[in-house]
Amino acid sequence: MTRDESLHAAIHEEVALHEYSALWPAAFRAERDRLLSLLPGRFIDLQHIGSTAVPGLAAKPIVDVLAGVESMAAARALAGPLLDSGYTTSAEFNATLTDRQWFMRHARGHRTHHLHVVVHGSPAWFQRLRFRDLLRADAALAQQYAEIKARLAVAHSRDREAYTEAKATFVLGVVGDA
């Protein structure tokens, strides 16, 4: 499979949840260390977020990395170096975002990592960490989220944006204005 074929397959990959894997935290640490080595001094902090960061929670097997930077200008300035280091993105999509920049890594037609570059200490930073921490601390809440995700993965198996948008109501209801 060529790199272009892999990218096309990853972009159009179906929404499919996998049982929790104890390998996901190690995959985060490896990517964190890789990013810190490739781009020293560019990040204030890197955190593992999303469902792969919640032990026991089923997830799309994509490691979400939250990267804190000093400003949105700094986030936008990372685009070139990140693209050179194996990430891809949609410039059009990123142009619509005011609170973050988004990047994706893929291999063999599957997404492996999503990188969310946000201003460290911003509402976007705290909201994502709060949601992760609440799911880690409350098994009933995590179970409720797992059930919603399972239902939405079936309903929106071929539309990632619809799947993500459908989860947003639950996420915002949990975190409020963190």
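Here, every reference points to the structure presented above.
1. Details of the overall build of the protein
At step 1: Each helix and strand counted, the protein has eight helices and four strands in total.
At step 2: In terms of C-alpha radius of gyration, the protein reaches 16 Å, essentially the compact-globule figure of 16 Å for 178 residues.
At step 3: Oriented by its inertia axes, the alpha-carbon framework of the protein measures out at about 40 × 40 × 30 Å.
At step 4: Counting over 178 residues, the protein shows a buried share of 43%.

2. Let's talk about the sheet that holds strand 2 (residues 63-69)
At step 1: Taken together, the four strands give an open sheet; going across it, the order is 1-2-4-3, and neighbouring strands pair in mixed fashion. Of all the strands in the sheet, the pair left with one neighbour each is strand 1 (45-49) and strand 3 (101-107). Mean inter-strand twist for the sheet, computed between neighbouring axes without regard to direction, equals 25 degrees.
At step 2: Where helix 1 (residues 3-11) meets the sheet, it contacts strand 3 and strand 4 (110-119), and its direction lies at approximately 120 degrees from that of strand 3.
At step 3: Each of strand 1, strand 2, strand 3 and strand 4 touches helix 2 (residues 24-38); the most contacted strand, strand 1, lies at about 160 degrees to it.

3. Side note on the layout of surface pockets
At step 1: Its volume calculated, the largest pocket comes out at about 1,400 Å³.
At step 2: Elements with a contribution of two residues or more to the lining of the largest pocket: helix 1, strand 3, strand 4, helix 6 (123-137), helix 7 (139-155) and helix 8 (160-175).
At step 3: Counting residues per element, the lining of the largest pocket draws most heavily on helix 8, at nine residues.
At step 4: When the residues that make up the lining of the largest pocket are grouped by side-chain class, the tally is 20 nonpolar, 13 polar and 16 charged.
At step 5: Here the second largest pocket is characterised by a volume of approximately 190 Å³.
At step 6: With three residues, the single largest contributor to the lining of the second largest pocket is strand 4.
At step 7: Here the lining of the second largest pocket is composed, by residue class, of four nonpolar, three polar and six charged.

4. Considering helix 6
At step 1: Between its first and last C-alpha, helix 6 extends 21 Å over 15 residues, near the 21 Å set by a 1.5 Å rise per residue.
At step 2: For helix 6, every residue scored as buried is listed here: Ala124, Trp125, Arg128, Leu129, Phe131, Arg132 and Leu135. When helix 6 is viewed along its axis, its buried side chains cluster within an angular range of 155 degrees and face the same direction. Exposed and facing more than 90 degrees away from the buried side of helix 6 are Pro123 and Ala137.
At step 3: Contact partners of the buried residues in helix 6: strand 1, strand 2, strand 4, helix 7 and helix 8.

What counts, and at which threshold
- Per chain, residues are indexed from 1 in the order of the written sequence.
- Predicted model: local features are reported for residues with pLDDT of at least 70 only, side-chain atom pairs are reported and counted for 80 or more only, and whole-chain, interface and lining totals are derived from all residues.
- Heavy atoms throughout the structure, all of them, feed into the side-chain values; hydrogens and water do not.
- Secondary structure elements follow DSSP: runs of H or I of four or more residues count as helices, runs of E of two or more count as strands, with numbering from the N terminus.
- Here the radius of gyration uses the C-alpha set of atoms, whereas the globule reference equals 2.2 Å times the residue count to the power 0.38.
- Throughout this description, buried means an accessible area under 20% of the type-specific maximum (1.4 Å probe, protein chains only), exposed means over 50%, and partly exposed covers the range between.
- Each pair of strands is called paired provided DSSP finds at least two bridges between the two strands.
- Helix axes use the C-alpha atoms of the stretch in contact, all axes being lines fitted to C-alpha atoms, and the angles between their N-to-C directions lie in the range 0 to 180 degrees.
- Only heavy atoms matter for contacts: two residues are in contact if any of them lie within 4.5 Å across the pair.
- As defined here, a cavity is a set of points on a 1 Å grid over the protein atoms alone where a 1.4 Å probe fits but cannot get out. A pocket is an open set with protein on both sides within 12 Å along at least five of seven lines, and residues line them when an atom is within 4 Å of a point.
- Grid points are joined across faces, edges and corners, and a volume is the space filled by probe spheres set on the points.
- Polarity classes work like this: nonpolar for Ala, Val, Leu, Ile, Met, Phe, Trp, Tyr, Cys and Pro, charged for Asp, Glu, Lys and Arg, and polar for all others, with Gly in that last group.
- A helix is expected to span 1.5 Å for every residue after the first.
- By arc we mean the arc of the directions from the helix axis to the C-beta atoms, nothing more.

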